[in-house]
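Below, each chain spelled out in residue letters.
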Amino acid sequence: MTSIKESGPREDYPRAMDDAAPRLPLALAEARVPRYTSYPTAAQFGALDEASWRRWMREGIAPTDPLSLYVHVPFCRDLCWYCACHAKATRSAERIAAYADALLAEAALLAEAAPAHGGIAHLHLGGGTPSILGDRHLARLMDALHRRFGLRAGAEIAIELDPRTLDDAMADALGLMGFTRASLGVQDIHPAVQAGIGRPQPAVLVETAMARLHRAGIGAVNIDLMYGLPHQTAEHVAASARFAASLGADRIAVFGYAHVPWMKPQQKAIDAAALPDAGARLEQAEAAEAVLKQAGYIALGLDHFGRLGDPLTTAALEGRLRRNFQGYTTDTAPALLGLGASSIGSLPGGFGQNITDERRWAEAIVEGRLPIARGVAVTLDDRLRARLIERLMCDFALDLREASPQAQDILREAAARMDGLEAEGLVRRDGLRLTVTSAGSRFVRQVAACFDAYLTASSTRHSSAV
């Protein structure tokens, strides 16, 4: 929606607007709201037929459009208790090989169904632990994706990795395959916290993994941390942030743990009594931010920090930051296509998710069907709200003075829900301009929720705001 006036280049991005704003009531931190990596969110997904997904591809991809691909590998050697991803533990070589073969077959089906396009600009392998495929299956997959979809010059090719399972051979193989960025899951470096989440991981393993990636020519490395974990304190989070900064990570994400054992049974292994309360979670998030800012990182959006010169940081400073199912990104492709069980794709016509069950997903591919199962068509109102929510999540501000009447009406409607947020110093309104204050920046999901036409007060499936 080009009529929205974005914030543009700014030196204070994004949390230096009103340092005197009051601290929020903790009840707001405990409210459950979506993470808004899409709008409508996955909570609105229903049954979606293959014909609709094929039609959305034909209508939504132009010959010169860049393409984004996400490949989901839902396997880990062991399942961490905190994990909220669609992942399973396996050590079966046969199962992994069968999954790799099915990915190749799905890539062939998807490439045949997709219209002409401008090639891959962003390719992301997530999981699970994608490297569990092994160098041979990964090489086959990467070769197939290159041949069938093409690769644009300067494309970002990223992979999520577990430092505990990354050896020299795999790091070298990833370098030869052309990966340009890797994300290392660290979460917390304190042994007591690691024991509480079922993930023992000495710091030396992370240091070694970083060195291996750099030696293999993968210079851009992200580190993922978490707060809100069992037995975790602000001091633990600060120490982990200092550790990540000391390694020279290009980007550091600090995610809040979402305790949803009714959705993710493995989380039942976590001692709920050992989880920090809302006040402690807020202190932990602030501790990480203070350490990373002191180390020279720039706060990006809700939970990311980047070094100056990193493409994500540059995009944020120039008002070009984007948000999709992988979180904050520089990806501007109008089409994101997913491969693998449970993967989610996005097209101008709507969102689609593959069959979640691994066996049924593979059976659909054998039958020659795109394994799409769920999704939602987007309306004009959805698109307008999605654009507004994305800019809020990325820029912490909206200026709709030159926007369409429909967008202005949505802002007025949302503003009617913001009286309490404004009274607490979270947002400032000036006619058709809206600014999230520094005190409110950590609660931007709640501000975005005011624009959500689907969210109900009784919703419990989302994670807490902080």
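Residues numbered from 1 in each chain as written. Predicted model: local features only at pLDDT ≥ 70, side-chain atom pairs only at ≥ 80, totals over all residues. Heavy atoms only, no water.

In this section: the overall build of the chain. Along its length, the chain carries 15 helices and 20 strands. Radius of gyration (C-alpha) of the chain: 21 Å, near the 23 Å computed for a compact globule of 466 residues. Dimensions of the chain, computed from the C-alpha atoms along their principal axes, are close to 60 × 50 × 40 Å. A burial count over the chain gives 59% of its 466 residues as buried. Long-range contacts, defined as pairs at least 24 residues apart, comprise 75% of the intrachain contacts of the chain with a sequence gap of at least 6. Entry remark: accessible area of the chain is about 18,100 Å², with carbon and sulfur atoms responsible for 52%. (Helix = DSSP H or I, 4+ residues; strand = E, 2+ residues; numbered from the N terminus. Rg over C-alpha atoms; globule rule 2.2 N^0.38 Å. Buried < 20%, exposed > 50% of the residue type's maximum accessible area, 1.4 Å probe, protein only. Contact = heavy atoms within 4.5 Å. Areas by Shrake-Rupley, 256 points an atom, 1.4 Å probe, with all protein chains shown as cover.)

Along the chain, methionine 177 turns up in helix α5 (residues 168-177). Owing to a relative accessible area of 12%, methionine 177 belongs among the buried residues under this scheme. In this structure, methionine 177 is in contact with Asp135, Leu138, Ala139, Met142 and His146, ignoring residues within four places of it in sequence.

We now examine the pairing of strand β5 (residues 120-127). Along any regular strand, the residues point their side chains to alternate faces of the sheet. When you tally the buried positions in β5, you get eight out of eight residues, the bulk of the element. Alignment of strand β2 (residues 67-73) against β5, held across seven bridges, turns out to be parallel. Its bridge partner lying in β5, tyrosine 70 is registered against histidine 124. In the sheet, β5 pairs with strand β6 (residues 151-161) via five bridges, with the strands oriented parallel. What sits directly across from histidine 124, in β6, is alanine 158. Following the chain from β5 across helix α4 (residues 134-149) to the adjacent parallel β6, one finds a crossover that is right-handed. (Pairing = 2+ DSSP bridges. Right-handed = clockwise from strand over helix to strand, strands pointing away.)

Where helix α3 (residues 93-113) meets α4, the axes come as close as 10 Å, and the angle between the chain directions of the two elements is 0 degrees. The angle between the axes of α3 and α4 places the two elements in the roughly parallel class. Here Ala97, Ala100, Asp101, Leu103, Leu104, Ala107, Ala108, Leu110 and Ala111 of α3 lie close against α4, whose contacting residues are His137, Arg140, Leu141, Ala144, Leu145, Arg148 and Phe149. (Axes fitted to C-alpha atoms, helices over the stretch in contact; angles between N-to-C directions. Parallel < 35°, antiparallel > 145°, perpendicular 65-115°, else oblique.)

Turning our eyes to something else, we now look at the sheet that holds strand β18 (residues 397-399). An order of β18-β20-β19 is seen for the three strands of this open sheet, with the pairing classed as antiparallel. The sheet is open, and its two edges are formed by β18 and β19 (427-430), each paired on a single side. On average, adjacent strands in this sheet sit at an angle of 10 degrees to one another, irrespective of strand direction. When β19 meets strand β20 (residues 433-436), the two strands line up antiparallel, connected through four bridges.

Following tyrosine 39, the chain continues into proline 40 via a peptide bond in cis, with omega recorded as -5 degrees. The peptide bond linking glycine 127 to glycine 128 adopts the cis configuration, its omega dihedral lying at 15 degrees. Summarising the element assignment, glycine 128 is placed in the loop between β5 and α4. The backbone of serine 342 shows a phi angle near 75 degrees, a positive value even though the residue is not glycine. Relative to the helices and strands, serine 342 is located in the loop between β14 (335-339) and β15 (344-347). One non-glycine residue, phenylalanine 396, lies in positive phi territory at about 60 degrees.

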